[in-house]
Amino acid sequence: MLTKATAFAWFNNAATLMTEHKHELHLLDAAIGDGDHGINMDRGFSKLIHNLPEMEHLCLGEVLKQTGMVLLSNIGGASGPLYGALFIKGAATVGEAEALDASALLTFLDVGVAGLVTRGRTEEEDKTMYDVWAPVLRKYKQSLEAGMGMEQILEECVHAAELGMKATIPMLARKGRASYLGERSIGHQDPGATSSYYLVTALYESIRE
């Protein structure tokens, strides 16, 4: 179950991963973007962790909504509105629930990712973070239908996220600053897909813990 405590663990795990991989994200973005993705992700999640004590009194849905607001305001660049949309739109599905089971978490992610897609006007194989989220959602649905529990489902999703992330390497960028490079964008892993992989990994780790 995704409870408020688990959500806080998710954000702490994500912040740790964004800090640990800040330089990697910087190098990936320097190759095909502005070079600020690592700094932006680290800043956004560090601010989120700083704000968590103020969210202790909030219900789960409000925590997830406020998370989106913090990321929207602090990540910067194109990724802030996308990660913000993911959490803000997804939070609207939570209502008064104190915990999300596997089915409710899927709904949260499904609606949240749809918000991300609308905001980014992106499709699969555009070489964006959606190239991680699309296969993650497919794998989640397949695993849920197969009767797996949440931990097992999310373990499968991490594998799907990794494959999706690596699949961006040979893609031609069709969105964002990387698209300005044309053919030169081929051969580089997308930084947004990479940070999304770490966010999925952090979610799995919080459930496993």
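Residues numbered from 1 in each chain as written. Predicted model: local features only at pLDDT ≥ 70, side-chain atom pairs only at ≥ 80, totals over all residues. Heavy atoms only, no water.

> Before we move on, can you summarise the side chain of Ser-206 with the specific residues and values?
Its location among the elements puts Ser-206 in helix α9 (residues 191-208). Dropping the residues within four chain positions of it, Ser-206 is found in contact with Thr-6, Ala-9, Trp-10 and Asn-13. (Helix = DSSP H or I, 4+ residues; strand = E, 2+ residues; numbered from the N terminus. Contact = heavy atoms within 4.5 Å.)

> Got a sec to walk through the packing of aromatic side chains? Specific residues and values, please.
Applying the stated criterion to the full structure yields five aromatic pairs. Taken together, a centroid distance of 5.3 Å and an interplanar angle of 45° make the contact between Trp-10 and Phe-87 tilted. A residue pair is termed long-range when its members are at least 10 positions apart, and Trp-10 in helix α1 (residues 4-20) and Phe-87 in helix α5 (residues 79-91) qualify at 77 residues. Both residues of the pair, Trp-10 and Phe-87, count as buried. (Phe/Tyr/Trp six-rings, centres within 6.5 Å; stacked < 30°, edge-to-face > 60°. Buried < 20%, exposed > 50% of the residue type's maximum accessible area, 1.4 Å probe, protein only.)

> Give me the layout of surface pockets: which residues, what numbers.
Approximately 600 Å³ is the volume found for the largest pocket. As for the largest pocket, its lining consists of 26 residues, of which Ala-78, Ser-79, Leu-82, Gly-176 and Arg-177 are closest to the centre. For the lining of the largest pocket, the secondary structure elements donating two or more residues are α2 (22-32), α3 (37-55), α5, α6 (102-120) and α9. (1 Å grid on protein atoms, 1.4 Å probe; cavity = no way out; pocket = protein on both sides within 12 Å on 5 of 7 lines; lining within 4 Å. Points joined across faces, edges and corners; volume = space filled by probe spheres on them.)

> Explain the packing of α5 against α6 residue by residue, including any values.
Running from amino to carboxyl end, α5 crosses α6 at an angle of 140°, the nearest separation of the two axes being 7 Å. Taken together, the axis directions place α5 and α6 in an arrangement best described as oblique. Between α5 and α6 the crossing geometry is right-handed. Judged by residue contacts, Pro-81, Leu-82, Ala-85, Leu-86, Phe-87, Lys-89, Gly-90 and Ala-91 of α5 engage Phe-108, Leu-109, Val-111, Gly-112, Val-113, Gly-115, Leu-116, Arg-119 and Gly-120 from α6. The class makeup of the residues in the contact of α5 with α6 is 11 nonpolar, four polar and two charged. (Axes fitted to C-alpha atoms, helices over the stretch in contact; angles between N-to-C directions. Parallel < 35°, antiparallel > 145°, perpendicular 65-115°, else oblique. Left-handed = near helix turned anticlockwise from the far one by under 90°. Nonpolar A, V, L, I, M, F, W, Y, C, P; charged D, E, K, R; others polar.)

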